[in-house]
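Below, each chain spelled out in residue letters.
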Amino acid sequence: MRVPSWAGELARYAFLSLLVAWVLVPLAIATIYAFTPLEVYYSDAILPNSLTAEHLRTLWVLGAGEAFVRSVFVGVLTVFLSFLIGLPGGYALSRYVFPGRDAIKLGIIATRMFPIIVISVSLLKTFFALGLNDTLIGLALAHTAMALPFVVLITGSIFGGIPRDVEEAGLVFGLSSIGVFLRVTLPLAAPGLAAAGLFTFLLSWNEVFMASVLTLTNRTLPAFILVSAFATPTEPIRFAAAFLMILPALLFMLFARRYLVTMWAMAAR
Amino acid sequence: MASIMLEGIVKRFGKTVALRGVNLEVRDGEAMVLLGPSGCGKTTTLRIVAGLERPDEGRVVFGGRDVTNLPPKDRNVAMVFQSYALWPHMRVFDNIAFPLKIRKVESSEVRRRVRWAAELLEIEHLLDRYPHQLSGGQQQRVAVARAIVTEPEVLLMDEPLSNLDAILRVKMRSEIKKLQRRLGVTMVYVTHDQVEAMVIGDRVAVMNYGEVQQVGSPQEIYNEPANTFVATFIGSPQMNIVKGVISGGLLSLLGTQIEGVEGVEGEVLVGFRPERIVIGDGDLKFPAIVDFVEDLGSDVIVHLSVEGAGELVIAKLRGAHASLKPGEKVLAGVMRSDIHIFDPKTGRALKHGV
Ligand SMILES: Nc1ncnc2c1ncn2[C@@H]1O[C@H](COP(=O)(O)OP(=O)(O)OP(=O)(O)O)[C@@H](O)[C@H]1O
Ligand SMILES: [Mg+2]
C-alpha cells in the first residue's frame, strides 16, 4: 500500500509543529506571565488584557539588578580566562604532533565525568583557605575550570579546520610564526571563536550549582533566582525571573545563529 | 637573484626516510625541474629549500650564504603551493599585496606593484573578488602573481598546474617558462609530468626513492639516461630493456648479433626507445611477430614479440604502419647510435650508442 505524498507531508509538518511548540510554548508562557498583572493572573482570564513591568521591578528591588551585573561580570571573566588558557592549548592540539597528545585529549574529556556539585563542595574548602570564597573572581575561576575542556576541544577543532598550507604561505611570504597566528589564523578562526566565546559565556551564565555553593552574598543571577525569587509564593514573579534568565540566551541565539552554525561546521571539518 | 646548493640533504619522518642524501646545484637564474614518481621526495626537497622543513643532515646554501637554519621569512623565497594556499579572508588584491605589506612597502608602491603583477598575469578584472569566487586557473594565476610581486631571489613551484584541465595546463606551462625567463629568477619547479618538465626546465633533476638520479638538460636526460630508472621514466612509451651478452665485442640479443661493441664484457641490459625502431631498416635487425596494434592517429604503438628470445618489444611507428595486423611477421631494426648498454646489477648506464 502506498501512502499518498500529501499524508507524508502532513505527518512531517505535524511533527515539526510539535517540536517547535515543545520549545516555544513554555517560553511564551513564561514571557506572557512575566508581564501579567497579579489580579489578572489570579482571575479566570487565560490571556492578560494589560501588561505590567511590576514583577521585574519587584525582582529589581530584591537585588536582581546587581545579580544580573555580577553574572555578566563572571561570564565575561570566564570567557577571558578560559580563552587565555584554552586557546593556545587548542591550537597546540590541532597543529603539533607530540607524545601523549591523544592521552591529553582523552583526559580532557574525562574531566567532564565528575559531577560539578561534588567539585564545588571541595572547591569551597580550598577557596576558604585562599580567601576566594564568596568572591566573583573565585566563581569565575571555578567556571573557567568548568568551561576549559569545552574551550580547548572546540578551539582545537576550529583551528584544525584551517588548512596548514594557508599558514605556511604566511611563513614563506615573510611572517614569523606569531605573525602568522595573528594575521592569518586568527582572522580565519574569528567567526568560530566568537561563537565559542558566546557559548562559553552562556555556560557560565546558566551555571547554578557552583554559583550557589561558592557564593553567599555575591550571588549571580541563577543562584539569586534559585534562593530568592523562587522562594516567593507569587508565581508571576517566578515567571519574571525565568524571563530574565532566558533573555540573554534568546538574544544570543538571534544574533549568533549564523556564527553558531559556522562554529559547529568548522569544528566538524 | 641567487644560486641554490643542496649538500647531502637527509630528511626523515619517523621511520620513513624521505630524502637519502640529496645533492643539487641550481644556478643563478636557472629553471630547475624536480621530476619523479609520487612519493620520491620532490615536495620535501622543495619545502627544505623554502625553510618550511629542516633537514636532519646536510646544508642549504643560497649564493654562498648558509640558510639551513633560517626561517622562511629570512630567505627571500616565494612559493606557489600545489593547493595555491590563497588567503580566503582577503580579496585578490590583498592576497597579492600582503607580501609587500609585510615588508612594509609604501602603499603607492604596493598598488603599482600589484597592478604590474596583475597585468602580467591578466587578472586585473579579478582584483576585487575573493579566492572562492575564482576558477582553478584564475586561482593559479593569483598564486603566481603573489609569488612574483616581491621580486624574490628564488621562486618555488609545487605542481602548480596539476589541478588544471589539459588545455589550460599546456597554455600555462609555456607562460610560466616565459615569465621565468623574463624575470630571470632562479626557479625550482616540481612536477611528475615529464612533458611539463622538459618544456619548463633548463635542466631537469630526475628523482627516485629520495635520491637525485640524474641532473641534466632535457636532451641529456633523454639521450643519455644515467641508469635504467631514468631511461624508463623518461619517454613514452617507456624504453625497451632486454637482456644481452657481450663477448669479445660481439653483442648478442633478441636472437641476433652485432659486432664491434667495445669496452664492455659479459651480461648486460640493452635499451632502445620505441620511437627509434624502424621497420625493415637499421644496424641491428631482428625478426618479430605483431601482437597488438594501438592506433593513435598520428602514430601507432605496435607490440612485438621476438621469436625464440621470449622478449616483448614495443615500437612507436609512423601512422602509415596502421595497416599492420596481429600475427604478421616483420623485420624490426634499430640504429647503433640508438642503443644503450646498462649494467644488469646496478642499472647504471655503461654506453650510449655502440
Ligand atoms: N609530514 C610527513 N610526515 C610523514 N611522512 C612524510 C611527510 N611528508 C612526506 N612524507 C613521506 O616522505 C616521502 C616523500 O614525500 P614527498 O611529499 O616529498 O613526495 P613527492 O615526491 O612530493 O610525491 P607526490 O608526487 O605524490 O607529491 C613519502 O614517502 C611521504 O610519505
Ligand atoms: Mg608532492
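Relevant structure appears above.
Residues numbered from 1 in each chain as written. Chains lettered and ligands numbered in written order. Predicted model: local features only at pLDDT ≥ 70, side-chain atom pairs only at ≥ 80, totals over all residues. Heavy atoms only, no water.

### A look at the overall build of chain A
Phase 1 of the analysis: Along chain A, the regular secondary structure elements total twelve helices and zero strands.
Phase 2 of the analysis: Starting at the N terminus and walking to the C terminus, you meet the elements of chain A as α-α-α-α-α-α-α-α-α-α-α-α.
Phase 3 of the analysis: Over its C-alpha trace chain A gives a radius of gyration of 23 Å, far above what one expects of a compact globule, namely 18 Å for 269 residues.
Phase 4 of the analysis: Principal axes of the C-alpha set define a box for chain A whose edges measure 75 × 70 × 35 Å.
Phase 5 of the analysis: Looking at chain A as a whole, 43% of its 269 residues qualify as buried.
Phase 6 of the analysis: Sequence-distant contacts in chain A: of pairs separated by 6 or more residues, those separated by 24 or more amount to 74%.
Phase 7 of the analysis: When the accessible surface of chain A is totalled, it reaches about 14,800 Å², and 74% of it is carbon and sulfur.
Phase 8 of the analysis: The centroid of the 16 positive side-chain charges in chain A is displaced by 9 Å from the centroid of its 12 negative side-chain charges. (Helix = DSSP H or I, 4+ residues; strand = E, 2+ residues; numbered from the N terminus. Rg over C-alpha atoms; globule rule 2.2 N^0.38 Å. Buried < 20%, exposed > 50% of the residue type's maximum accessible area, 1.4 Å probe, protein only. Contact = heavy atoms within 4.5 Å. Areas by Shrake-Rupley, 256 points an atom, 1.4 Å probe, with all protein chains shown as cover. Lys, Arg positive; Asp, Glu negative; His and termini not counted. Charge placed at Lys NZ, Arg CZ, Asp CG, Glu CD.)

### Concerning the sheet that holds strand β12 (residues 250–253) of chain B
Residue and element names in this part refer to chain B.
Phase 1 of the analysis: Spatial strand order, β13-β12-β11-β14-β20-β21: six strands in an open sheet with antiparallel pairing. The outermost strands of the open sheet, each flanked by one partner alone, are β13 (256–258) and β21 (349–352). Direction aside, the axes of adjacent strands within the sheet are offset by 30° on average.
Phase 2 of the analysis: Sheet analysis places strand β11 (residues 240–247) next to β12, joined by four bridges and oriented antiparallel. The residue bridging I246 from the neighbouring strand is L251, located in β12. (Pairing = 2+ DSSP bridges. Axes fitted to C-alpha atoms, helices over the stretch in contact; angles between N-to-C directions.)

### Here's the deal with the site of ligand 1
Residue and element names in this part refer to chain B.
Phase 1 of the analysis: For ligand 1, the full set of nearby residues is F13, A18, S38, G39, C40, G41, K42, T43, T44, E159 and H192.
Phase 2 of the analysis: Note that an oxygen atom of ligand 1 is positioned 3.2 Å from one of the backbone N or O atoms of C40.
Phase 3 of the analysis: In the environment of ligand 1, an oxygen atom lies 3.0 Å from a nitrogen or oxygen atom belonging to the backbone of G41.
Phase 4 of the analysis: For ligand 1, the protein covers 59% of the area, taking 640 Å² as the surface of the free molecule.
Phase 5 of the analysis: Here the shell around ligand 1 is composed, by residue class, of three nonpolar, six polar and two charged. (Near = heavy atom within 4 Å. Polar contact = N/O pair within 3.5 Å; in protein donor to acceptor, adjacent residues only side chain to side chain. Nonpolar A, V, L, I, M, F, W, Y, C, P; charged D, E, K, R; others polar.)

### Quick look at helix α1 (residues 42–50) of chain B
All names here are of chain B.
Phase 1 of the analysis: Counting buried positions over the nine residues of α1 gives eight, a clear majority of the element.
Phase 2 of the analysis: Buried within α1 are the following residues: K42, T44, T45, L46, R47, I48, V49 and A50.
Phase 3 of the analysis: Immediately downstream of α1, the backbone of G51 shows phi near 95°, a positive value.

### Examining the pattern of salt bridges
Residue and element names in this part refer to chain B.
Phase 1 of the analysis: Within this structure, the stated rule accounts for 19 salt bridges over all chains.
Phase 2 of the analysis: Of the charged contacts, one joins K177 and D202 as a salt bridge, the two residues approaching to 2.8 Å between their closest N and O atoms. Of the two residues, K177 sits in helix α5 (residues 166–183) while D202 sits in the loop between α6 (194–200) and β9 (203–208), which places them 25 residues apart along the sequence.
Phase 3 of the analysis: Classification of K177 by relative accessible area gives buried; the value is 9%. (Salt bridge = Lys/Arg side-chain N within 4 Å of Asp/Glu carboxyl O.)

### Notes on unusual backbone geometry
Residues and elements named next belong to chain B.
Phase 1 of the analysis: Each neighbour pair has its own omega, and for S236 with P237 the value is -5°, a cis peptide bond.
Phase 2 of the analysis: Examined against the element boundaries, P237 turns out to sit in the loop between α8 (228–233) and β11.
Phase 3 of the analysis: At K104, a position not held by glycine, the phi torsion is positive, near 60°.
Phase 4 of the analysis: Within the secondary structure, K104 is located in the loop between α2 (92–102) and α3 (107–120).
Phase 5 of the analysis: Of the residues examined, K104 reaches a relative accessible area of 73% and is grouped as exposed.
Phase 6 of the analysis: Even without being glycine, E151 reaches a positive phi, approximately 50°.

### Points about the nonpolar core
Phase 1 of the analysis: Formed by 124 residues in total, the largest nonpolar core has its most connected members in A:L59, A:L221, B:I96 and B:L156.
Phase 2 of the analysis: The greatest single-element share of this core, amounting to eleven residues, is contributed by helix α9 (residues 177–206) of chain A.
Phase 3 of the analysis: Residues within four places of B:L156 in sequence aside, it is in contact with B:L46, B:V49, B:A50, B:V77, B:A78, B:M79, B:V80 and B:V188. (Core = buried A, V, L, I, M, F, W, Y, C linked by side-chain atoms within 4.5 Å.)

### A short note on the interface of chain A and chain B
Phase 1 of the analysis: Listed by partner, the interface residues are 15 residues for chain A and 21 residues for chain B.
Phase 2 of the analysis: Buried area between chain A and chain B, summed over both chains or domains, comes out near 1,600 Å², and the portion from carbon and sulfur atoms is 71%.
Phase 3 of the analysis: Across the contact surface, chain A and chain B share one salt bridge.
Phase 4 of the analysis: A salt bridge links A:E168 to B:R47, with the nearest nitrogen and oxygen atoms 2.8 Å apart.
Phase 5 of the analysis: Inspection of the chain A/chain B interface yields five residue pairs in polar contact (both at pLDDT 80 or more).
Phase 6 of the analysis: Of all the secondary structure elements, the ones that give two or more residues to the side of chain A that touches chain B are α8 (164–172) and α9 of chain A.
Phase 7 of the analysis: In terms of residue count, the dominant contributor to the side of chain A that touches chain B is α8(A) (seven residues). (Buried area = accessible area lost by both parts, 1.4 Å probe.)

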